[in-house]
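Here is how the chains run, residue by residue.
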Amino acid sequence: GELVRKLKEEKAPQVDIDKAVAELKARKRVLEAKELALQPKDDIVDRVKMEDTLKRRFFYDQAFSIYGGVSGLYDFGPVGCALKNNIIQAWRQHFIQEEQILEIDCTMLTPEPVLKTSGHVDKFADFMVKDVKNGECFRADHLLKAHLQKLMSDKKCTAEKKAEMENVLTQLDNYGQQELADLFVNYNVKSPITGNDLSPPVSFNLMFKTSIGPGGNMPGYLRPETAQGIFLNFKRLLEFNQGKLPFAAAQIGNSFRNEISPRSGLIRVRYCKFPLSTEGYLGEVAPPFLLNHRQLQEVLSVTCQVVCRSTTNHDTASLGINVYVFCFFPSCFFPFQGVINNSVLGYFIGRIYLFLTKVGVSPEKLRFRQHMENEMAHYACDCWDAESKTSYGWIEIVGCADRSCYDLSCHARATKVPLIAEKPLKEPISFQNKPDSLEVKINVVQFEANKGAIGKAYKKDAKVVMEYLSMCDECYITEMEQLLNEKGEFTVETEGKTFKLTKDMVTVKRFQKTLHVEEIIPNVIEPSFGIGRIMYTVFEHTFHIREGDEQRTFFSFPAVVAPFKCSVLPLSQNQEFMPFVKELSEALTRNGISHKVDDSSGSIGRRYARTDEIGVAFGITIDFDTVNRTPHTATLRDRDSMRQIRAEISELPAIIRDLANGYLTWADVEAKYPQFEGQETGKKDTIEE
């Protein structure tokens with residue numbers, strides 16, 4: 001790599017550069033082959049062969065490749081696009097339709113004040129180090145991990161040192177800036193490409209900045225997540241839902257992250273980070289989906305690997321969800337006997353598990369890991385990742401966060417628009433808890449502003465400050481009260497300005513009153529899915545090589561997400577087959593079944609191999625028995641087992657439709673129809689039955 005860069009810098013002849021690039025690629029292939037040989041047998045995936053298949057059959061490829069490509073940007077080809085759309089459709093069926101979720105579609109451009117309020121401008125960042133000589137950037141935690149793994153693989157590494165480094169790796173996501181800097185010094189981490197020294201870790205904001213409008217006066221960003229649009233439309237969604245809680249909202253779309261050093265194909269890209277988001281469960285009492293018997297029983301039966309914050313062991317456990325009617329989801333957690341301490345969060349984790357295994361993720365290579373305290377996003381009070389085991393190690397493919405009421409409270413304070421739901425009370429609620437009384441004691445906390453002191457200090461901005469203070473919730477007030485007691489002051493930011501408030505300007509007031517309407521700020525559970533990472537996981541978990549033939553590879557995609565549900569293959573180019581091919585193609589289209597007709601001149605075996613290679617689930621073959629016998633029949637082949645049955649042409653579209661939708665299994669089909677062992681008639685035979 002260093003030689004290639006040097007040649008480019010020196011403007012060497014293109015032939016020399018091409019030769020060096022070819023040598024670099026050859027060495028990378030050798031290295032990948034060695035890494036593959038060191039993997040446990042049950043985890044072996046021939047990544048080189050798989051990625052060759054993906055590129056050759058144009059599942060996806062690097063964007064702008066004829067201009068040299070851009071790291072972290074990819075284009076999907078016809079097969080990859082079909083697979084992606086089918087996964088999205090399965091997601092929409094599994095979540096939006098089955099859970100009766102409200103779907104919206106929000107703009108990808110976001111004004112800066114929105115993301116300033118949400119915390120992304122200040123906190124959406126990773127630590128980065130730079131090569132001090134050539135300026136090349138690396139993500140600090142990834143570089144440290146790779147360096148320690150290299151040291152641990154050295155035969156001279158002692159058991160004590162290896163245990164020390166394993167402990168560092170376990171806690172890697174928990175380290176702050178200074179701790180990372182110390183580790184880089186302690187382990188003498190250098191640039192992996194040049195061997196040069198590295199700068200100390202610095203925080204790098206991952207958002208793409210832009211300006212909205214021709215004047216450049218309104219800064220904005222490409223959205224880093226799809227959640228904010230849902231939070232900002234909370235009032236409209238609540239109104240659409242007739243003012244009732246609980247409800248859920250979702251959207252599907254691109255979000256953008258300016259990755260420091262994008263690598264590993266679809267796993268780490270600069271766009272589509274979380275394109276599928278069930279952003280927000282907004283609830284009050286027992287959610288409808290927890291009372292849905294069929295789905296609830298499915299979730300209760302889920303058993304999977306879990307890694308809790310308090311341990312690094314991979315335990316296999318039931319999610320252990322307790323379901324019962326509970327009050328005011330926004331304001332409390334619930335007694336819970338399982339691993340996860342929130343019933344709604346646990347329910348969604350179970351549903352995520354069922355979805356991922358449905359679309360092709362191997363259950364044996366799937367786990368849920370709880371975030372460490374310092375690893376969690378600034379908005380989360382608990383978070384679990386669905387992680388899949390790949391040739392790159394364990395990678396996050398879905399995040400499921402308990403965002404509590406963080407976002408709605410922040411946006412309400414910033415805009416002075418109350419983002420709340422109202423619940424009419426049958427009887428007034430007072431704030432005295434008397435024996436044998438239906439009245440309930442509730443603490444009410446508010447800021448009490450000294451108008452004179454604030455007016456004197458901030459003059460025309462005093463009204464802005466007081467409006468901001470009037471919108472603050474109890475949690476925020478309690479935090480600021482602590483700062484007042486400890487430091488005698490705190491600061492607030494509103495309308496792009498910062499104001500310092502002291503004890504003589506504001507106090508905290510606790511009082512009692514009777515209400516006829518209760519105001520609720522809902523909590524939010526946010527499952528967020530990365531389509532690129534899910535696709536890559538499915539590629540690895542479903543990639544196979546035919547036993548006895550190293551050249552025949554195939555993807556065993558589940559039929560529900562397969563790019564094409566079936567192929568239609570005439571045995572040869574004999575024109576007698578063409579009317580049946582046309583008839584079948586039209587019938588499949590009417591039934592909404594995606595299919596691929598291959599009437600090329602290759603042998604039937606070669607054409608089977610071509611369709612298997614792109615994961616086509618089933619294959620229909622038109623042969624001479626189709627032409628010569630009545631009623632007309634054709635063979636139906638299963639991709640994975642390569643077994644075939646024979647059925648009437650008129651029945652085949654419905655069979656494939658039911659197989660693709662999961663209503664039938666291949667075993668069901670084999671039990672009903674005769675197995676095909678070979679055609680019984682030839683070109684000149686005609687038999688009527």
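Conventions used here
Per chain, residues are indexed from 1 in the order of the written sequence. Owing to the predicted nature of the model, reporting of local features is limited to residues with pLDDT of at least 70; listing and counting of side-chain atom pairs is limited to 80 or more, with chain, interface and lining totals taken over all residues. Where side-chain values are given, they derive from all heavy atoms of the structure, hydrogens and water being excluded. Should DSSP find at least two bridges between two strands, the strands are regarded as paired. Where helices and strands are cited, they refer to DSSP runs of H or I of at least four residues and of E of at least two residues respectively, numbered from the N terminus. Fitted lines through C-alpha atoms give the axes, limited to the stretch in contact for helices. The angle between two N-to-C directions lies from 0 to 180 degrees. The criterion used for residue contact is that any of the two residues' heavy atoms lie within 4.5 Å. Pairs were defined over the aromatic rings of Phe, Tyr and Trp, the Trp ring being its six-membered one, requiring ring centres within 6.5 Å. Orientation was assigned from the angle between planes: stacked under 30 degrees, edge-to-face over 60, tilted for the rest. Working definition: with a 1.4 Å probe on protein chains only, accessible area under 20% of the residue-type maximum means buried, over 50% means exposed, and in between means partly exposed. By definition, being over a ring means that NZ of Lys or CZ of Arg is both within 6 Å of the ring centre and within 35 degrees of the ring normal. In plain words, nonpolar cores are sets of buried Ala, Val, Leu, Ile, Met, Phe, Trp, Tyr and Cys residues tied together by side-chain atoms within 4.5 Å. As used in this structure description, the phrase polar contact means that two N or O atoms lie within 3.5 Å; if the pair is within protein, one of them must be able to donate a hydrogen and the other to accept it, and residues adjacent in sequence are counted only when both atoms belong to side chains. Here the angle decides the label: under 35 degrees means roughly parallel, over 145 means roughly antiparallel, 65 to 115 means roughly perpendicular, and every other value means oblique.

Another point: the sheet that holds strand E5 (residues 125–130). Across the sheet, which stays open at both edges, the three strands sit in the order E6-E5-E7 with antiparallel pairing between neighbours. Every other strand in the sheet has two partners, leaving strand E6 (137–139) and strand E7 (202–205) as the edge strands with one partner each. In this sheet, adjacent strand axes meet at a mean angle of 50° when their direction is disregarded. Where E5 and E7 come together, four bridges link them in antiparallel fashion. Paired with Asp 126 across the strands is Phe 204, a residue of E7. Set on the sheet, helix H7 (residues 140–152) makes contact with E5 and E6; between it and E6 the angle comes to about 80°.

Per the counting criterion, the structure on display carries 23 aromatic pairs. A centroid spacing of 5.7 Å and a plane angle of 80° characterise the contact between Tyr 60 and Tyr 74, whose relative ring orientation is edge-to-face. With Tyr 60 in strand E1 (residues 60–62) and Tyr 74 in strand E2 (residues 74–76), this residue pair connects regions lying 14 residues apart in the sequence. The two residues Tyr 60 and Tyr 74 agree in class, both being buried. Geometrically, the ring pair formed by Tyr 392 and Tyr 536 is tilted, given 5.8 Å between the ring centres and 55° between the ring planes. Here Tyr 392 is found in the loop between strand E16 (382–390) and strand E17 (393–404), whereas its partner Tyr 536 is found in helix H18 (residues 531–542), with 144 residues between them in sequence. Every member of this aromatic cluster is reached through a ring pair, and the members are Phe 59, Tyr 60, Tyr 74, Phe 76, Phe 539, Phe 543, Phe 555 and Phe 557. Positioned above the aromatic ring of Tyr 476 is the side chain of Arg 413, whose terminal nitrogen or guanidinium carbon lies 4.2 Å from the ring centre. A cation sits over an aromatic face here: Arg 637 above Tyr 608, 4.3 Å from the ring centre.

Its location among the elements puts Arg 257 in the loop between strand E10 (247–252) and strand E11 (276–277). Along the sequence, Arg 257 and Leu 206 sit 51 residues apart, while their C-alpha atoms lie 5.4 Å from each other.

Strand order in the open sheet formed by five strands is E28-E27-E29-E30-E31, and the pairing between neighbours is mixed. Of all strands in the sheet, those with a lone pairing partner are strand E28 (595–597) and strand E31 (644–648), marking the two edges. Between one strand and the next, the sheet's axes are offset by a mean angle of 25°, whatever the strand orientation. The pairing of strand E30 (residues 633–638) with E31 spans five bridges and is classified as antiparallel. Across the sheet, the residue bridging to Thr 633 is Glu 648, located in E31. Along the sheet, helix H20 (residues 604–613) makes contact with strand E27 (566–570), strand E29 (618–622), E30 and E31, crossing E27 at roughly 165°. Seen against the sheet, helix H22 (residues 652–660) touches E27, E29, E30 and E31 and runs at an angle of roughly 15° to E30.

A separate point is the nonpolar core. Residues Phe 355, Leu 356, Phe 539, Ile 620 and Leu 636 are the most contacted members of the largest nonpolar core, which totals 85 residues. A per-element tally of this core places helix H13 (residues 343–359) first, with nine residues. Setting aside anything within four residues of it in sequence, one finds Leu 636 in contact with Phe 618, Gly 619, Ile 620, Arg 643, Gln 644, Ile 645, Leu 652, Ile 655, Ile 656, Leu 659 and Trp 666. Counting residues in each nonpolar core, the second largest holds 20 residues, with Val 445, Met 480, Leu 484 and Phe 490 among its members.

For the rest of this paragraph, the subject is the side chain of Gln 644. Turning to its location among the elements, Gln 644 is positioned in strand E31. There is a polar contact of 3.1 Å between the side chain of Gln 644 and the side chain of Thr 635. Once you skip the residues sitting within four places of it in the chain, Gln 644 turns out to touch Tyr 608, Thr 635, Leu 636, Arg 637, Trp 666, Pro 674, Gln 675 and Phe 676.

Let's shift gears to the packing of helix H15 (residues 451–458) against helix H16 (residues 462–470). Relative to each other, H15 and H16 sit at 135°, their axes nearing to 8 Å. Here H16 runs oblique to H15, going by the angle between their axes. Of the residues in H16, those in contact with Lys 451, Ile 454, Gly 455 and Tyr 458 of H15 are Ala 462, Val 465, Met 466 and Leu 469.

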